[in-house]
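Structural overview for review
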Amino acid sequence: MQRRVVVTGIGLLCGVGNNTPEVWKNLLAGKSGMAPITGFDTTGFSVTFAAEVKNFDPLNFVDKKESRKMGRFIHLALAATYEAMEMSGLKITPENDTRVGVHIGSGIGGFDVIEREHSAMLQGGPRKISPFFIPAAIINLAAGQVSIRYGARGPNEATATACTTSAHSIGDAYRIIQRGDADAMIAGGAEAAITPMGVGGFAAMRALSTRNDDPAHACRPFDKDRDGFVVGEGAGILILEDLEFAKARGAKILAEIIGYGMSADAYHITSMAPEGEGCHRAMQNAVKSAGIQPDQIQYVNAHATSTPVGDVLESAAMEKLFGEDATSGKLLISSTKSMTGHLLGGAGGLEAGITIMALLEQKVPPTMNLENQDPECRLNYVPNKPRDAKIDIALSNSFGFGGTNGSLIFKRWSE
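So, a few notes on the structure that sits alongside this text. Everything numeric here is computed off the predicted structure, so don't read it as measured data.

What counts and what doesn't
- Residues numbered from 1 in each chain as written.
- Predicted model: local features only at pLDDT ≥ 70, side-chain atom pairs only at ≥ 80, totals over all residues.
- Heavy atoms only, no water.
- Helix = DSSP H or I, 4+ residues; strand = E, 2+ residues; numbered from the N terminus.
- Contact = heavy atoms within 4.5 Å.
- Axes fitted to C-alpha atoms, helices over the stretch in contact; angles between N-to-C directions.
- Parallel < 35°, antiparallel > 145°, perpendicular 65-115°, else oblique.
- Nonpolar A, V, L, I, M, F, W, Y, C, P; charged D, E, K, R; others polar.
- Salt bridge = Lys/Arg side-chain N within 4 Å of Asp/Glu carboxyl O.
- Buried < 20%, exposed > 50% of the residue type's maximum accessible area, 1.4 Å probe, protein only.
- Pairing = 2+ DSSP bridges.
- Core = buried A, V, L, I, M, F, W, Y, C linked by side-chain atoms within 4.5 Å.
- Patch = residues over 30% accessible without salt bridge, like charges linked within 9 Å, V, L, I, M, F, W, Y side chains within 5 Å.
- Areas by Shrake-Rupley, 256 points an atom, 1.4 Å probe, with all protein chains shown as cover.
- Arc of directions from axis to C-beta.
- Expected span 1.5 Å × (residues − 1).

Here's the deal with the environment of Tyr-267
With respect to the secondary-structure elements, Tyr-267 resides in the loop between strand 8 (255-264) and helix 10 (277-290). It is 6.8 Å that separates the C-alpha atoms of Tyr-267 and Gly-403, two residues lying 136 residues apart in sequence. For Tyr-267, the contacting residues outside a window of four places in its chain are Met-272, Ala-273 and Pro-274.

What about the packing of helix 1 (residues 20-28) against helix 14 (residues 347-361)?
For the pair helix 1 and helix 14, interaxial distance at closest approach is 11 Å and the crossing angle is 75°. Classified by the interaxial angle, the pair formed by helix 1 and helix 14 is roughly perpendicular. Mapping the contact onto sequence places Thr-20, Trp-24 and Leu-27 in helix 1 and Ile-354, Met-357, Ala-358 and Glu-361 in helix 14. Here the residues of the contact of helix 1 with helix 14 sort into 5 nonpolar, 1 polar and 1 charged.

Comments concerning the pattern of salt bridges
On inspection of all chains with the given rule, the structure shows 22 salt bridges. Bridged by salt links that share partners, the residues Arg-3, Arg-99, Asp-183 and Asp-242 form one connected network.

Quick look at the pairing of strand 6 (residues 184-191)
The buried fraction of strand 6 amounts to 8 of the 8 residues, a majority that puts the element mostly inside the structure. Burial of strand 6 is two-sided: the residues Ala-184, Ile-186, Gly-188 and Ala-190 facing one way and the residues Met-185, Ala-187, Gly-189 and Glu-191 facing the other way are all buried. Strand direction decides the pairing type here: strand 4 (residues 100-105) and strand 6, joined by 6 bridges, are parallel. When the sheet's bridge partners are listed, Gly-105 is paired in strand 6 with Gly-189.

Side note on the nonpolar core
Ranked by size, the top nonpolar core spans 44 residues in total, and within it Leu-238, Leu-240 and Phe-410 carry the most contacts. Mapped onto this core, the elements with two or more residues apiece are strand 1 (5-13), helix 1, helix 7 (165-178), strand 6, strand 7 (234-242), strand 8, helix 14 and strand 14 (404-412). No other element matches the 8 residues that helix 14 contributes to this core. With near-sequence residues (within four places) excluded, Phe-410 lies in contact with Val-7, Leu-238, Glu-256, Ile-257, Ala-352, Thr-355, Ile-356, Leu-359, Asp-392, Ile-393 and Ala-394. In terms of nonpolar packing, the next biggest core, distinct from the first, is built from 32 residues, Phe-73, Ala-80, Ile-239 and Phe-245 among them.

Regarding a nonpolar patch on the surface
Side chains of Met-121, Leu-122 and Ile-129 sit close together on the surface and give an oily, nonpolar patch of about 250 Å² of accessible area. Considering the arrangement of structural elements, one finds Met-121 in helix 4 (residues 111-124).

Looking at unusual backbone geometry
Non-glycine residue Ala-266 carries a positive phi angle of around 50°. As for its position among the elements, Ala-266 is in the loop between strand 8 and helix 10. Exposure remark for Ala-266: the relative accessible area of 77% places this residue in the exposed category. Notably, Asn-384 is not glycine yet its phi reads approximately 70°, a positive angle.

Let's talk about helix 8 (residues 196-204)
By the burial criterion, the buried members of helix 8 are Gly-198, Val-199, Phe-202 and Ala-203. In an axial view of helix 8, the angular spread of the buried residues amounts to 125°, which keeps them on one side of the axis. Residues of helix 8 that are exposed and point more than 90 degrees away from the buried face comprise Met-197 and Ala-204. Where helix 8 is buried, its residues touch helix 4.

Points about the pairing of strand 1
When you tally the buried positions in strand 1, you get 9 out of 9 residues, the bulk of the element. Bridge count between strand 1 and strand 8: 3 bridges; the pairing is antiparallel. Looking at the pairing, Val-5 lines up with Ile-257 of strand 8. Of the strand pairs in this sheet, strand 1 and strand 7 are connected by 8 bridges, and their pairing is antiparallel.

Some thoughts on the sheet that holds strand 10 (residues 332-334)
Either a parallel or an antiparallel arrangement is found when strands of a sheet pair, and the pairing is made through backbone hydrogen bonds. Strand order across the open sheet formed by 10 strands is 5-4-6-7-1-8-14-13-9-10, with mixed pairing between neighbours. With one partner strand each, in any of the chains shown, strand 5 (156-157) and strand 10 form the two edges of the open sheet. Taken strand by strand, helix 3 (residues 72-88) contacts strand 1, strand 4, strand 6 and strand 7, and its axis lies near 135° from that of strand 1.

Details of helix 3
With 17 residues, helix 3 should reach 24 Å at 1.5 Å per residue; the first-to-last C-alpha distance of 24 Å fits that figure. In terms of burial, helix 3 is largely enclosed, as 13 of its 17 residues are buried. Backbone geometry just downstream of helix 3 places Gly-89 in the positive-phi region, at approximately 75°.

Right, dumping it as structure tokens:
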């Protein structure tokens, strides 16, 4: 019999807040995290705004000397992990350290470090490259630094599956506990790609909104006037535990994770398969693994990035899976990216945490800036205002470049 897996801690930070209560409060208030970029000079860029984490000091979480050995995505991962661990009350000791693991990923990793060290090399030659360049930039060092910081000696992994990264990290950590390879996992993702090459690269693809004169209203999932996504940064970390392990130490249980589904589009490097076939299968596989029926799900935190094609295809996939519950408006759906921007590899962790908060608070955060709903997006996206709702089971979607898809299902905790 597979073990039950529960969530005991959440750590979130993004453009709308630097901790979980602040993020949740501002999402319900419809606050936008998007503003002109402050991290670099945007002169000459076609896109000059993003959803930066604000007033963040890594020295609150790591000392100055160690901080210099880490990219910003690692700083953000450590901050979110600190909050999640404090919330969970999990103590890693010599008695349990080999049974506690880490599974934290990033879609891009240390872009800031790569750009800085490349500039140093061009200006001063190879001797100017920092000896900490590689460990500050590579994706698995978020998981590595967390493991070192807390002494977690169990499974240690890092996923890099574009915008599905941290959903896969959480799902894979869930399965590690299910099959008995660990009793607890620190899982999620972090991203810090608001850099000249990050923003410039996505802009070159014409993937980003160009509403430079109105950043707060730029991200408009399911709206007919949407024109692309907004780059966000931040992290989302969950503490997952075997149910019996959590109960034995008297942990407060926040939710249960009951389903995880994956799929590949095998279609195109950036576009979804026709009719959202791949994301439909990911959701379907999650429902199957949870042992439930689609009509038992009351809320979906959609991937919905505000791209012209993606929102339509995800809507089509949900319509196919949920049928009349979707088309009647009974199923509540929202895209919190309308406020947080798109955290890329960190999105799934952030949105998993938000989904759990919806279960805890029995509230659905809104999809902001939904003023003229696209007629091809026919479902109930909870426009512009939060909704009180009875939510027992909720689903969170993440889809990434390369056609990689992941869906997570959480259940409101009850004995």
